[in-house]
Amino acid sequence: MSLPHAILTALLEKPSSGLELTRRFDRSIGYFWSATHQQIYRELGKLEAEGLIRALPSEQPARGQKKAYEVLPAGRDELARWTAASQDPKPHRDVMLLRLRAAAVVGTEGLRADLRRHRELHGRQLEEYREIERRDFPPGKDGPQDRLRHLVLRAGIDLETFWTRWLDHALSEFDRLPEPDEGERPGARKA
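Calculation criteria
Residues numbered from 1 in each chain as written. Predicted model: local features only at pLDDT ≥ 70, side-chain atom pairs only at ≥ 80, totals over all residues. Heavy atoms only, no water. Pairing = 2+ DSSP bridges. Helix = DSSP H or I, 4+ residues; strand = E, 2+ residues; numbered from the N terminus. 1 Å grid on protein atoms, 1.4 Å probe; cavity = no way out; pocket = protein on both sides within 12 Å on 5 of 7 lines; lining within 4 Å. Points joined across faces, edges and corners; volume = space filled by probe spheres on them. Nonpolar A, V, L, I, M, F, W, Y, C, P; charged D, E, K, R; others polar.

What to know about the sheet that holds strand 2 (residues 53-55)
And then number 1: The 3 strands lie next to each other as 1-3-2, forming an open sheet whose pairing is antiparallel. Each edge of the open sheet is held by one strand with a lone partner, namely strand 1 (16-17) and strand 2.
And then number 2: Where strand 2 meets strand 3 (residues 68-71), 3 bridges bridge the pair, whose relative direction is antiparallel. Note on strand 3: the bridge partner recorded for arginine 54 is glutamate 70.

Put into structure tokens, the structure is as follows:
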């Protein structure tokens, strides 16, 4: 149920066409709530059918012209209701953690290289977030909306900092693992 609320949030920040909205998702909301372009367009249709948004009247209706949408009072009310509602945290699911658990049973072949790749990807994402922070949140930019948006960005920075540190630790643990003999690999069948 969160994608409609992400769309309502984005449209309240700035009425947009579906194309503009998907671009904004790619540049901001998509960092913490991803959606495909098809999902966004599908949700726009549902939100419009539910009376939560409307297409803005165009000055020159033309076939193929992009529709811009705005949030109606019912959409603002729904977003406020959802924002105020209590929600429990979701358990964290990460394929890499499951793969490491499986490696304890079947061996670590291929994992070290993928851990390094993940470390590089998380490091790049961390630098991108830090650059956004430098650009969008200079000292003194601390209005209420800015502070809440910065709080979301700080969550991304803190998560990427966690992952880069954890991956550094995981790689150092891999360096300390003994190389198993062919017949001693965990889960290997003994003859």
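Let's talk about the layout of surface pockets
And then number 1: Considering only enclosed or pocket space, the largest pocket measures out at about 2400 Å³ in volume.
And then number 2: Mapped by element, the contributors of at least two residues to the lining of the largest pocket are helix 1 (2-13), helix 2 (18-27), helix 4 (73-84), helix 6 (111-136) and helix 7 (144-176).
And then number 3: If you tally residues by element for the lining of the largest pocket, the top one is helix 7, at 12 residues.
And then number 4: Here the residues of the lining of the largest pocket sort into 23 nonpolar, 12 polar and 14 charged.

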